[in-house]
Amino acid sequence: MPHYSDDLSIAFGGAAGQGIQTIVGALVDVLRKNDYHVFACNEFMSRVRGGSNSSMVRVTKEKRSAYLKRIDLLFILQPDALEHLRDRIGDTTLIFAEKKLLSPADAKLVIDAPLGALAEKAGSSIFTNTVAVGVVLGVLGLPLERFEHYLAEQFEHKGPDTVSKNIESARLGYDFGVRTAREMEISVDLPDAAGEPASLLINGSNAVGIGAVAAGCDIITSYPMSPGTGLLTFLAKHSDKFGIIVDQSEDEIAAINAALGASYAGARAVVTTSGGGFALMGEGLSLSGIMELPVVIHVGQRPGPATGLPTRTEQGDLNLVLYAGHGDFSRAIFAPGTFAQAADVMQRAFALADRFQIPVVVLTDQFFLDSYTTVAVAAMQRMAVERSLVRTTADYERYSLTADGLSPRSVPGYGEGVVKVDSHEHDTTGHLTENTVLRQRMVEKRLARLRPLAEEALMPVQFGNVEAPVVLVCWGSNYGVVEEALDIVGSSDLSGMHFSQLYPLNPALRDLLDHKRVLVLENNATGQFADLLQRELGITADRRIGKVSGEPFAVEEVVQMLKEEL
């Protein structure tokens, strides 16, 4: 039988409503408590019941955060899932399923795992998920005690009978897994435990939310839209503890305008949505621009156009957030690639929005938001919260013309002056004007912030030999796959570069990319960031690598592409 070590990929396939997420959540928690490096990602069909969903859990020697096509151990909960995952099954994949549910041809390929029968033996088919986790732990040779503790904590509120039946289900599954591994000589040498000092098990939505809390967020407004809703639910869950107002608005137009109203009153506001919801916020974005009101907008990307693939992943909204809104005004755009970066850039987003009085967009995507991994507590750094409000005097002018383009911002009631804002062009006091000379100066004032924003822009993270002649550029959630692929290829002629700030770009980047063969990898069809590099820095991509299937890039396909470049 096959031998597995260093990098183990475990996948689960089943219908929506069968509890795949329950299985993965429990398994990842137990693995984390055993001090292993774990990473889990999910793919869903857009339905409440039926279809075929899958989740992958990786246990690795090195810390990884990328999607693999390869599956080592596969657990099938319903027949259609086998067909759905067939192209990921290799010669060494071990498949566990109930043979009676499969066709005779497929039944020959699997190890008969009577999950349902074992659950019924414990008392009910509702314990099938608990049995499945027990089987996995038995096959891996991990002790069952931590899972038993997990079950006791999870079901304590349902009473001792429920707890005992779940523990019995886990033991039945575990005994089956141990026995099967012994009889079939399945050898699994898990990597050495990571032994991280103190870590959090979080997903991308949690990481973005932690950053918002650390930034001093006062209010979140949103009309729910996957995958951006995770930030809304996270902040709602913790709203009482951190004093955050939660407004589930009637639509996206109301959400952006409510956030701007809160910002006018001095609150730090965030809006969360997806591409389709952001499309409705264009006028509100321009309102932020002309009134010079700070706001942070989180956009969880998914494939479009229109409803597209609402539960899949893509990086197709960069142009949307870059060019949205009528008229010219300053903005900034971030796209974190790790959970630690997510906490960092959310704090930066609030700080820049406040200081420069602009809208700031943070781009993530479904793959990033719905993935889970461990993050060292020490990696989640907290920045000082500085608020840029001034106390008004009787002669206060909200939009006074200054050398740096930043007018003094205040809020009603903070001092003697009157804080006037207007959606029309206005004079220095906030009154409507059609003076052409003043209009010119106001536009220039609002755009003057782009220069300091660019000069302070985050530089990209570089991987490998920075002197290499070929550089693979990526942004957002492709951090992990590029980092791992470069490690596997191991060529001194290749390097990687990950951008967590997409706009404005630091002018110093020209020196890093000049005279190199530049490859740009992104999950969209046209190469939107490649276009931005050309527009802003004059850097031309020699090759654009896109993907629009709704799937993340797999390590294997990026490795193959890089080998073709050598």
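In what follows, the structure referred to is the one given above.
As the structure is a prediction and not an experimental result, all values here were calculated from the model. (Residues numbered from 1 in each chain as written. Predicted model: local features only at pLDDT ≥ 70, side-chain atom pairs only at ≥ 80, totals over all residues. Heavy atoms only, no water.)

Let's shift gears to the sheet that holds strand β19 (residues 494-499). One open sheet accounts for 5 strands, arranged β17-β19-β18-β21-β22; its pairing is mixed. Of all the strands in the sheet, the pair left with one neighbour each is β17 (461-464) and β22 (543-546). Taking the axes of each pair of neighbouring strands and ignoring which way they run, one obtains an average angle of 20° across the sheet. Bridge count between strand β18 (residues 470-475) and β19: 6 bridges; the pairing is parallel. (Pairing = 2+ DSSP bridges. Helix = DSSP H or I, 4+ residues; strand = E, 2+ residues; numbered from the N terminus. Axes fitted to C-alpha atoms, helices over the stretch in contact; angles between N-to-C directions.)

Here we take up the packing of aromatic side chains. Counted under the stated rule, the structure contains 7 aromatic pairs. For the pair Phe-75 and Phe-96, a centre-to-centre distance of 4.7 Å together with 10° between the ring planes defines the contact as stacked. Note that Phe-75 is positioned in strand β5 (residues 73-76) and Phe-96 in strand β6 (residues 94-97), a separation of 21 residues in sequence. The two residues Phe-75 and Phe-96 agree in class, both being buried. Judged by centre distance (6.1 Å) and plane angle (25°), the rings of Phe-147 and Tyr-150 are stacked. Note that Phe-147 and Tyr-150 are positioned in helix α6 (residues 145-154) at a spacing of 3 residues, about one turn of the helix. The buried category is assigned to Phe-147, whose relative accessible area is 1%. On the basis of relative accessibility, which here comes to 14%, the residue Tyr-150 falls in the buried class. Taken together, the ring pairs in this structure connect Phe-12, Phe-75 and Phe-96 into an aromatic cluster. (Phe/Tyr/Trp six-rings, centres within 6.5 Å; stacked < 30°, edge-to-face > 60°. Buried < 20%, exposed > 50% of the residue type's maximum accessible area, 1.4 Å probe, protein only.)

In this fold, Asn-53 is placed in strand β4 (residues 50-60). Given a relative accessible area of 9%, Asn-53 falls into the buried group. Sequence-distant contacts of Asn-53, defined by excluding residues within four places in its chain, comprise Phe-12, Gly-13, Gly-14, Ala-15, Ala-16, Ile-20, Glu-43, Phe-44 and Met-45. (Contact = heavy atoms within 4.5 Å.)

In this fold, Phe-242 is placed in helix α10 (residues 239-242). What makes Phe-242 partly exposed here is its relative accessible area of 41%. Distance from Phe-242 to Leu-352, taken between C-alpha atoms, is 22 Å for residues 110 residues apart in sequence.

Moving on, we get to unusual backbone geometry. Cis geometry marks the peptide bond from Gly-304 to Pro-305; its omega dihedral reads 0°. Residue placement: Pro-305 occurs in the loop between β13 (295-301) and α14 (318-323). Residue Tyr-503 is joined to Pro-504 through a cis peptide bond whose omega torsion reads -10°. Mapped onto the elements, Pro-504 comes out in the loop between β20 (501-503) and α20 (509-513). In the Ramachandran plot, Glu-292 falls in the positive-phi region, its phi being about 55° despite a non-glycine side chain.

Ranked by size, the top nonpolar core spans 51 residues in total, and within it Phe-12, Leu-140 and Phe-147 carry the most contacts. Setting aside residues no more than four positions away along its own chain, Leu-140 makes contact with Leu-8, Ile-10, Leu-31, Leu-73, Val-188 and Leu-190. (Core = buried A, V, L, I, M, F, W, Y, C linked by side-chain atoms within 4.5 Å.)

Now for the pairing of strand β2 (residues 7-16). Of all 10 residues that make up β2, 9 are buried, and the element is covered over most of its length. Pairing between β2 and β5: 4 bridges, direction parallel. Following the sheet pairing, Gly-13 is matched in β5 by Ile-76.

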